[in-house]
There are 4 protein chains.
Amino acid sequence: MVRVKLIGAGGYGGIGLVELLHRHPEAELAALVDVQGVGSRLSEMWPYLEGTCDRVIVAPDSSEARDAEADISVFATPDGTAQAGAAAEVEAGRKIIDYSGDFRFDSTELYSEYARRIERDPQHRATKLLEQSVYGLTELHREAIKRARVVGNPGCFAMSCICGLAPAVKHGLVEPEGVICDCKTGVSGAGKKPAPGFHYPERYENASAYRLSGHQHVMEIERELSELAGQPLRVTFTPQVVPLVRGILSTLYGRLAPGATQSTVLEAYREMYRDEPFIAVKTPSDPVGTSDVRGSNRLVVTVACDERTGTFRVVSHVDNLIKGQAGSALQNLNVMSGLAETLGLQQPGAHP
Amino acid sequence: MVRVKLIGAGGYGGIGLVELLHRHPEAELAALVDVQGVGSRLSEMWPYLEGTCDRVIVAPDSSEARDAEADISVFATPDGTAQAGAAAEVEAGRKIIDYSGDFRFDSTELYSEYARRIERDPQHRATKLLEQSVYGLTELHREAIKRARVVGNPGCFAMSCICGLAPAVKHGLVEPEGVICDCKTGVSGAGKKPAPGFHYPERYENASAYRLSGHQHVMEIERELSELAGQPLRVTFTPQVVPLVRGILSTLYGRLAPGATQSTVLEAYREMYRDEPFIAVKTPSDPVGTSDVRGSNRLVVTVACDERTGTFRVVSHVDNLIKGQAGSALQNLNVMSGLAETLGLQQPGAHP
Amino acid sequence: MVRVKLIGAGGYGGIGLVELLHRHPEAELAALVDVQGVGSRLSEMWPYLEGTCDRVIVAPDSSEARDAEADISVFATPDGTAQAGAAAEVEAGRKIIDYSGDFRFDSTELYSEYARRIERDPQHRATKLLEQSVYGLTELHREAIKRARVVGNPGCFAMSCICGLAPAVKHGLVEPEGVICDCKTGVSGAGKKPAPGFHYPERYENASAYRLSGHQHVMEIERELSELAGQPLRVTFTPQVVPLVRGILSTLYGRLAPGATQSTVLEAYREMYRDEPFIAVKTPSDPVGTSDVRGSNRLVVTVACDERTGTFRVVSHVDNLIKGQAGSALQNLNVMSGLAETLGLQQPGAHP
Amino acid sequence: MVRVKLIGAGGYGGIGLVELLHRHPEAELAALVDVQGVGSRLSEMWPYLEGTCDRVIVAPDSSEARDAEADISVFATPDGTAQAGAAAEVEAGRKIIDYSGDFRFDSTELYSEYARRIERDPQHRATKLLEQSVYGLTELHREAIKRARVVGNPGCFAMSCICGLAPAVKHGLVEPEGVICDCKTGVSGAGKKPAPGFHYPERYENASAYRLSGHQHVMEIERELSELAGQPLRVTFTPQVVPLVRGILSTLYGRLAPGATQSTVLEAYREMYRDEPFIAVKTPSDPVGTSDVRGSNRLVVTVACDERTGTFRVVSHVDNLIKGQAGSALQNLNVMSGLAETLGLQQPGAHP
């Protein structure tokens, strides 16, 4: 039984993992850590968890947190928390999975650039661990994740874009210049903290673009795609919020490389994702929407190139809180722990 | 392993049971029957089930349906279907659970009255089975359900009202005259068939009462409550639709009987539901909403009498598709099959 | 031209009046006052008003506010503001309409009781004006409003309940004991300030009751109905939030008085509201929902008594931000200014 | 007073025009024509219009329709209706505005291609009127519309894309190859007819792309942009549905032409739209969403080029039912009738 110390238990990312672990046959919670709600049961903060998780939340610096008998620590916390606490976890013999951007870049240079974009201290606080860290996109880095001590879980937008572009980029079917990621996300991506833009009366019946002058997720996307392309690749990224709670719909564009067609692109996607348990490849004749991945760890890509205009186009569908966050973390946890990768993750969601 | 023949597999009630059985350790699907989609996989009709349920739908009169190796047949079908097909199922040695009103009344007289209300043939087509049938509100009829061949699953509105009123009625804490059920339901209760009133632009931002001159669910409620009261009891029932997809919020009113107070009522609810795995009792100081039961088999009742005006008041929260339908059916299936009642039903839902 | 000084311009209640005045042929804004956004245009705070209202917001204590050339001051502000500022407005020769509870009770005793319920100072700060104030439910107090200096606009819940009960109470068609107001409101009723319960992911797919141990609106309802009944009358009031933005659906219950029937009740409603330009009376055979009053100053009541159980029942539909707030204020403004009561208020809303 | 015969009165496009005309000081309804609801009042079909429009619907072939004293006929009807009825309207001395694609192309060749795309008879039924028809994008064809007998109102998607691209295309700031229109629409764009994909439980929490192999609106966009560019221009068009009721968010991409920058593009937009009463130009520092245009005839474009990647990007916001349909029709009606273009159209919408 793999024992999990969950830090940041009370946010959407934390409770998402609590839900998944509840059904996992070979992993279980060893400690719930948070700065809010210390001393109360998680189910007092979230009544829907009554009977499912009535464990008490402990403070990060409590002995219960420090001495938790856990094999792995999951940081479901904002940027900055994991890098501050990682050393102690590793010292206590625990592996680490972090939801934030703290361990998504294995070089201090890249990290500094990222940190500046989100207006944080560019000096990473655990540089040695950073350099050993592995980017947790399981489908691309499975082998490295198996051996990793520290895994930086992908951003939800980045997950949807990278999986939606990888086969085309890897096989040179899309021109490296001019790639566009037009991404629409549900509101849960912004977390549980109320803000004017997520106030119910302001957000219903509203679709809007934001951070048009630059979003931090673009760096992960470019790093991964450049590696696959074997050459630097830049993307234009447009984050947009639509009145969904769960779900990301990313429409990905580029120019078809000479010789590339809908059918060669489709073939490349089918080939690369043939054995992936959580990725499905579709064509325009298969109707699909974000509701088809809501509540599950699946990612569905629809290959829909427009040969008339020479445009590469793929639509990527994902539940931002599962494959885009907690599900992906659990997938990594399974891989890091030597468990079957799909354990605890083969649920269909609930419809409607 | 209990083997289930599911009739009406492609409706919301059918796929709800498919989702639950997918996680059930000791029950499994033996056949998917429907009149729509015959010959195609269930996951073609419902792409979110890809990988979860790719079984092919068979026609009701096919040999695959007739000869299915199943222990129990669940009719997730509209009024009229189960009574027509029940005899053959029983002959084939299968027990029956029916979602519709076909087996909610164990007398032909009561059934005829019900049938007239919904403008159907008052002559039941399987009167012998009707007379043996048991009303499937597990919490009230557990022992009879254990021995039943045919169980009529409660209506979702009725479930929320009966559980919300039972302790008070049983103990004479509410006057038998003047009970009011003010019920608000999400749209999924109306099924998957499009209609003008459920067209997205017409239903968003709309709350409305309907069937103000009489709703068929009232009969189940009155029958069960009269039995508990030991005297005839009538209720006023107001069905209303609000822009939820899943969820029923029933606010139940009456006059406090002489001597009854918030605290004696609360005590009666706590006492009666103490050992019920799926019912929780709350007070006005515990904030709760339908989102706290969404996706789970839980029913939460908040006891909130208004002593100033002598008014009995309880608020009942339930997911109409789970405890109000498929979950309740599975709970009965467990009981009828000698399995632990909670098997496959202890899931928390997904939040947000 | 009637000139309006609007205090609290930037809240939902303020911009609602700005929208209405924009179309009013004989009234216009003279000053926009608020504590937020001082010095910027209202359309900077609310971009949808660009071109409609680009006037600059001024501070309450500025000379622009003090010396505004206005005939009437509308306080679209929370409890406490109007009573503090009223004297100065009256001194400057302006009449007053207040949205809050500050002037809904014309006695210091009643006000003190109200203030205690909402945990505010029970000592009113403008007692003399309080005693002269008129309750702004136009349909009931039209003549007094014509002559009033200070009008306390009704609460939105209260508006829907009082208009839904008045004819029955006045004519003794409902028993004075046991009246129940089961009210469901959209989220905009809580204003523009973000809070955890109104965070989009928490509020979508959620219906919940709140303040079950007592809501302040009940006092207005009881005062008005007692006056109509000619005897003390108490009501049980259940406020509930459903995922609407605009709209209140109030279902009102009681016991039919001896001799009262659906048809005598219906007749009384038709009679009392025959000449009311903003109230329509319906029966269960006319389908109606809150979307039929959204965006308009209409209030629709459906008379639907349940003779089988002897229950009086009326369903009241209103847009909480228009007839429940800004529209009602403008209706009073018209009456106080000697204008036609319907000026600027005959708009149908936008559908869908 | 301009008198309007409205054909297709009962659809969303029809009632949208009824709402606008209700407030118009110099235009009024002369006849309501539809094939549904003949003989009943429009307010029986749409109760929210009670008191606003209680006129009776007449059949297309009735004498009331034929002999209506009207100056202009608006066809708020699907493809095929206007071309069949246009000759009779013109003969009766009425000008024509059509919402459908029947008169968006002034050549039979282009029309045939369009008709084939939507699987209709490629033979136009009023070729002479077709050849005289004018494309009703007022901002681009104001002078021709003044003199037109027949105006084909733009499609809502096309409106948002053409206005969002026109200045850049006209001034050669975007490369003519590789233009992409990523469009998200609310559900009302599909009309009032229920369908499985617009059933409330299926559409809430769902974002999806559709018709990925070709949408008919692309032809209007390419025709208009090619004219502006002075050379053939092709676009890739991705229609997507998100859970809005009203609103289109179109994100438009291309490659910046040599020398073009965010600031030169912004300047071109400000210049071209400076005097347009209904178009506003914004930059990424002005937060804007579809809720800022909901209910109004405004179109807001945000210029947000990504110089880092050489990508032209503009986000276009419009209410599909107003500027995208009925509002735009009324704008043309004003122009065709010699009225001030903004009459009846300067309303701000309702917020929230």
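Quick look at the structure, then. Remember, predicted model here, so these are calculated numbers, not experimental data.

Moving on: unusual backbone geometry. Across the junction of His351(C) and Pro352(C), the peptide omega takes the value 0 degrees, indicating a cis bond. The topology assignment puts Pro352(C) in the segment after helix H12 (322–336). At Arg211(B), a residue that is not glycine, the phi angle is positive and equals roughly 40 degrees. Looking at Arg211(B), the relative accessible area reads 43%, which means it is partly exposed. One non-glycine residue, Glu205(C), adopts positive backbone phi at about 55 degrees. In this structure, Glu205(C) sits in the loop between helix H9 (200–203) and strand E9 (208–209).

Moving on, we get to the relation of the copies chain C and chain B. Between chain C and chain B, which share one sequence, the superposing operator has a rotation angle of 180 degrees and an axial displacement of 0.0 Å; the RMSD is 0.0 Å. Each copy turns onto its partner about a two-fold axis. Proximity to the rotation axis, assessed at the C-alpha, singles out Pro243(C) in chain C; its C-alpha lies 3.1 Å from the axis. Take the interface residues of chain C: 100% of them recur as interface residues in chain B, which is what a same-surface contact looks like.

If you walk through the whole model with that rule in mind, you get six cavities of 30 Å³ or more. Put simply, the largest cavity is a space of about 420 Å³. Around the largest cavity sit 32 residues that line it, and Gly349(C), Ala350(C), Gly295(D), Gly349(D) and Ala350(D) are the ones nearest its centre. Elements with a minimum of two residues in the lining of the largest cavity: helix H1 (12–22) and H12 of chain C together with helix H1 (12–22) and helix H12 (322–336) of chain D. A per-element tally of the lining of the largest cavity places H1(C) first, with four residues. The residue makeup of the lining of the largest cavity, split by class, is 15 nonpolar, nine polar and eight charged.

Residues and elements named next belong to chain D. In terms of burial, strand E13 (residues 299–303) is a largely internal element, five of the five residues being buried. Of the two faces of E13, the one lined by Leu299, Val301 and Val303 and the one lined by Val300 and Thr302 are each fully buried. Taken together, the four bridges between strand E12 (residues 279–282) and E13 define a ladder with parallel strand orientation. Paired with Ile279 across the bridge in E13 is Leu299. Across five bridges, the pairing between E13 and strand E14 (residues 311–318) is antiparallel. From the neighbouring strand, Thr302 faces E14, where its bridge partner is Val315.

What follows concerns the sheet that holds strand E12 (residues 279–282) of chain C. Residues and elements named next belong to chain C. Pairing within the open sheet is mixed, and its seven strands lie in the order E9-E10-E8-E11-E14-E13-E12. A single partner strand is all that each edge strand has here, and the edge strands are E9 and E12. As paired elements, E9 and strand E10 (residues 235–241) share two bridges and run antiparallel to each other. When the sheet's bridge partners are listed, Ser208 is paired in E10 with Val241. Strand contacts of helix H11 (residues 262–273): E12, strand E13 (299–303) and strand E14 (311–318), with the helix running at about 160 degrees to E12, the strand carrying the most contacts.

In this section: the interface of chain C and chain B. For interface size, the figure often reported is the accessible area lost on association. Contact residues are listed per partner, giving 45 residues for chain C and 46 residues for chain B. In this assembly, chain C packs against chain B so that about 3900 Å² is buried in total across both faces, 50% of it on carbon and sulfur atoms. Its largest share of buried area at the contact with chain B, chain C owes to Glu205(C), Leu212(C) and Arg308(C), together 18% of the area lost on that side. Joining chain C to chain B, the criterion identifies four salt bridges. Close ionic contact of Lys184(C) with Asp182(B) constitutes a salt bridge, the shortest N to O distance being 3.2 Å.

The rules behind these values
Residues numbered from 1 in each chain as written. Chains lettered and ligands numbered in written order. Predicted model: local features only at pLDDT ≥ 70, side-chain atom pairs only at ≥ 80, totals over all residues. Heavy atoms only, no water. Helix = DSSP H or I, 4+ residues; strand = E, 2+ residues; numbered from the N terminus. Buried < 20%, exposed > 50% of the residue type's maximum accessible area, 1.4 Å probe, protein only. Least-squares fit on C-alpha atoms with pLDDT ≥ 70 in both. Contact = heavy atoms within 4.5 Å. 1 Å grid on protein atoms, 1.4 Å probe; cavity = no way out; pocket = protein on both sides within 12 Å on 5 of 7 lines; lining within 4 Å. Points joined across faces, edges and corners; volume = space filled by probe spheres on them. Nonpolar A, V, L, I, M, F, W, Y, C, P; charged D, E, K, R; others polar. Pairing = 2+ DSSP bridges. Axes fitted to C-alpha atoms, helices over the stretch in contact; angles between N-to-C directions. Buried area = accessible area lost by both parts, 1.4 Å probe. Salt bridge = Lys/Arg side-chain N within 4 Å of Asp/Glu carboxyl O.

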